[in-house]
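One letter stands for each residue in the lines below.
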Amino acid sequence: QVQLVESGGGLVQPGGSLRLSCAASGSIRSIYDMGWYRQAPGKQRELVAIIVSSGTTTYADSVKGRFTISRDNAKRTVSLQMNSLKPEDTAVYYCNAVIATATIVSVPLGYWGQGTQVTVSS
């Protein structure tokens, strides 16, 4: 079984910083795309940032220049450095990864973490 566990969420003041981390574990053959999504109350889940296997990154316009996504393939982790946080960044942040499990017959599937709350408030 595959599990994604997020950490690093919390309460910060506007202009502050947080670093989120997500670790994948289980019977894993390969990890492909990894990313972060967020969902605020009453809104749809939206893409925040994604990093593909080659290292190429994509960011939502709302976080460009403030957030940085990175991955460590050896540790099977993906991180999101969030700087200059704004109240509108408040949401539950979810880790997502496309993973092929270590089985004879396996297809890459998207897996989700349970989410970590980020609250930006003064």
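Note: the structure precedes this text.
Residues numbered from 1 in each chain as written. Predicted model: local features only at pLDDT ≥ 70, side-chain atom pairs only at ≥ 80, totals over all residues. Heavy atoms only, no water.

Chemist: I'm lost on the sheet that holds strand 8 (residues 77–82) in this one. Help?
Modeler: Note: strands within a sheet are paired through backbone hydrogen bonds, in either parallel or antiparallel orientation. The strand order 1-3-8-7 describes an open sheet built from 4 strands, whose pairing is antiparallel. Across the chains shown, the open sheet's two edge strands, defined by having one partner strand only, are strand 1 (2–7) and strand 7 (67–72). The sheet shows a mean angle of 15° between the axes of neighbouring strands, taken without regard to direction. Relative to strand 8, strand 7 runs antiparallel, the two being bridged by 6 bridges. What sits directly across from Thr 68, in strand 8, is Gln 81. (Pairing = 2+ DSSP bridges. Helix = DSSP H or I, 4+ residues; strand = E, 2+ residues; numbered from the N terminus. Axes fitted to C-alpha atoms, helices over the stretch in contact; angles between N-to-C directions.)

Chemist: Sorry, what's going on with the packing of aromatic side chains here?
Modeler: Each aromatic ring pair is described using two quantities: the centre-to-centre distance and the angle formed by the ring planes. Tallied over the full model, the rule gives 2 aromatic pairs. Where Tyr 37 meets Trp 112, the ring centres are 5.0 Å apart and the plane angle is 65°; that geometry is what we call edge-to-face. On the criterion of sequence distance, the pair formed by Tyr 37 in strand 4 (residues 28–39) and Trp 112 in strand 10 (residues 109–112) is long-range, its members being 75 residues apart. Geometrically, the ring pair formed by Tyr 94 and Trp 112 is edge-to-face, given 6.4 Å between the ring centres and 85° between the ring planes. Here Tyr 94 is found in strand 9 (residues 91–101), whereas its partner Trp 112 is found in strand 10, with 18 residues between them in sequence. Following the ring pairs from residue to residue traces out a cluster consisting of Tyr 37, Tyr 94 and Trp 112. In this arrangement the basic side chain of Arg 45 is found over the ring face of Tyr 94, its NZ or CZ atom lying 3.7 Å from the centre. If you follow Arg 45 out to its NZ or CZ, it ends over the ring of Trp 112, 4.5 Å from the centre. (Phe/Tyr/Trp six-rings, centres within 6.5 Å; stacked < 30°, edge-to-face > 60°. Lys NZ or Arg CZ within 6 Å of the ring centre and 35° of its normal.)

Chemist: Sorry if this is basic, but what is going on with the nonpolar core here?
Modeler: Burial of nonpolar side chains together is a common tendency in soluble globular proteins. With 30 residues, the main nonpolar core has Trp 36, Leu 80, Met 82 and Tyr 93 as its most contacted residues. Looking at this core, the elements with two or more residues in it are strand 1, strand 3 (18–26), strand 4, strand 5 (46–51), strand 7, strand 8, strand 9 and strand 11 (116–120). Broken down by element, the residue count for this core peaks at 5 residues, all from strand 9. (Core = buried A, V, L, I, M, F, W, Y, C linked by side-chain atoms within 4.5 Å. Buried < 20%, exposed > 50% of the residue type's maximum accessible area, 1.4 Å probe, protein only.)

Chemist: It is not clear to me how the state of the cysteines should be interpreted in this structure. Could you clarify?
Modeler: As used here, a disulfide is simply a covalent bond connecting the sulfur atoms of two cysteines. Within the structure shown, the criterion is met by 1 disulfide. Shown here is the disulfide that connects Cys 22 with Cys 95, its sulfur atoms set 2.1 Å apart. Note on the Cys 22 and Cys 95 pair: the S-S dihedral is about -80°, so by sign convention the disulfide is left-handed. One end of the pair, Cys 22, is in strand 3; the other, Cys 95, is in strand 9, with 73 residues separating them in the sequence. Across the pair, Cys 95 and Cys 22 agree in class, each one buried. (Disulfide = S-S within 2.5 Å.)

Chemist: It is not clear to me how the environment of Gly 9 should be interpreted in this structure. Could you clarify?
Modeler: By the element assignment, Gly 9 lies in the loop between strand 1 and strand 2 (10–12). Gly 9 sits in the partly exposed class, given a relative accessible area of 33%. For the pair formed by Gly 9 and Ser 79, sequence separation is 70 residues and the distance between their alpha carbons is 12 Å. Excluding residues within four positions of it along the chain, Gly 9 makes contact with Leu 20, Thr 116, Gln 117 and Val 118. (Contact = heavy atoms within 4.5 Å.)

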